[in-house]
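# A closer look at the structure
For reference, the chains in residue letters:
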Amino acid sequence: MRYKSLLALSGLIGIGAVSAIAGSSGAKAENDPVYVVQEGHVDQHTFNGYRRYGESCHRCHGPDGAGSSYAPSLTESLKHLSYEDFTNVIVNGRQNVTKSQNNVMPAFGTTEDVVLYIDDIYGYLKARSDERLPRGRPKRIGDDS
Ligand code: HEC
């Protein structure tokens, strides 16, 4: 039901690619939606992704996915990183040993607050990366203010 109405809307409001919203748990089809942004307001999944990002990623990757001196901008990363590569780095972590610093991306594979909501986090960052969302706390669809 929800998925169908989202598909109907997709021509009007622009939807990225992947699946949290569709509710399918397995492989991602290329045209499955990842986020919904309607007149600057986001759906519940995208909003949850914003919150989870703030709790688990912000301290290294900076506010709004914009990057920091320690970790890269994820809004930039998602312009070239696939969904599979994105989830792979989060689940397994990564260590940059090529720079003089030793910057570590921790593995979140056993962190439920991240793994369970990885699609929501992806959706939020993808909306930022696609320049569908400005910086800051997004408003939810249905919020009047
Ligand atoms: C302790 C600091 C830290 C935290 C917390 C952290 N990261 Fe990272 N992350 C890094 C560093 C450092 C790198 C770069 C590693 C490298 O260069 O190999 C990185 C790399 C990445 C990459 C790869 C980017 C690219 O362009 O290849 C992704 C995706 C990513 N992080 C997502 C996340 C998400 C999502 C979260 C929150 C769930 C998160 N990170 C939390 C430090 C962190």
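Residues numbered from 1 in each chain as written. Predicted model: local features only at pLDDT ≥ 70, side-chain atom pairs only at ≥ 80, totals over all residues. Heavy atoms only, no water.

### A word on the packing of helix α2 (residues 44-56) against helix α7 (residues 118-129)
One way to put it is that α2 packs onto α7 with a least axis distance of 7 Å and a crossing angle of 95 degrees. Here α2 is positioned roughly perpendicular relative to α7, judged by the angle of their axes. Where α2 approaches α7, its residues His45, Thr46, Asn48, Gly49, Tyr50, Arg52 and Tyr53 are matched on the opposing element by Asp120, Ile121, Gly123, Tyr124 and Leu125. (Axes fitted to C-alpha atoms, helices over the stretch in contact; angles between N-to-C directions. Helix = DSSP H or I, 4+ residues; strand = E, 2+ residues; numbered from the N terminus. Parallel < 35°, antiparallel > 145°, perpendicular 65-115°, else oblique. Contact = heavy atoms within 4.5 Å.)

### Topic: helix α5 (residues 83-92)
One full turn of an α-helix is made of 3.6 residues, so residues set three or four places apart face in the same direction. Inspection of α5 places Tyr83, Phe86, Thr87, Val89 and Ile90 among the buried residues, and these make up the whole buried set. On an axial view of α5, the arc spanned by its buried residues comes to 160 degrees, and they lie on one face. As for α5, its buried residues are in contact with β3 (94-96), β4 (103-105), α6 (112-115) and α7. Gly93, located one to two residues past α5, shows a positive phi value of around 75 degrees. (Buried < 20%, exposed > 50% of the residue type's maximum accessible area, 1.4 Å probe, protein only. Arc of directions from axis to C-beta.)

### Description of the site of the ligand
Taken together, 24 residues form the shell around the ligand, and within it Cys57, Cys60, His61, Ser77 and Met105 come nearest. A distance of 2.8 Å separates a nitrogen atom of the ligand from a polar side-chain atom of His61. With respect to the ligand, the side chain of Ser77 contributes an N or O atom lying 2.6 Å from an oxygen atom. When contributions to the shell around the ligand are tallied by element, the ones reaching two or more residues are α3 (58-61), α4 (74-77), α5, β3 and β4. (Near = heavy atom within 4 Å. Polar contact = N/O pair within 3.5 Å; in protein donor to acceptor, adjacent residues only side chain to side chain.)

### Comments concerning the coordination of the iron atom of the ligand
Ligation of the iron atom of the ligand by protein atoms is provided by His61 (NE2) and Met105 (SD), these donors lying 2.0 to 2.1 Å from the ion. Relative to the metal, the six donor atoms surrounding the iron atom of the ligand lie at angles of 87 to 179 degrees, and the coordination shape comes out octahedral. With a gap of 44 residues between them, His61 in helix α3 and Met105 in strand β4 connect regions that are remote in the sequence. As far as burial versus exposure is concerned, His61 and Met105 are alike and both buried. (Donors = N, O, S within 2.8 Å, 3.2 Å for Na, K, Ca; no water. Tetrahedral: all angles 85-135°; square planar, octahedral: opposite > 155°, others 65-115°.)

### Description of the packing of aromatic side chains
Enumeration over the complete set of coordinates arrives at five aromatic pairs. With 5.9 Å between their ring centres and 40 degrees between their planes, Phe47 and Tyr50 make a pair best called tilted. Taken together, the positions of Phe47 and Tyr50, both in helix α2 and three residues apart, correspond to about one turn of that helix. Of the aromatic side chains, those joined through ring pairs into one cluster are Phe47, Tyr50, Tyr53 and Tyr124. We note Arg52 situated over the ring of Tyr117; from NZ or CZ to the ring centre the distance is 4.0 Å. For the cation-ring pair, Arg140 lies above Phe47, with the distance from its terminal atom to the ring centre recorded as 4.1 Å. (Phe/Tyr/Trp six-rings, centres within 6.5 Å; stacked < 30°, edge-to-face > 60°. Lys NZ or Arg CZ within 6 Å of the ring centre and 35° of its normal.)

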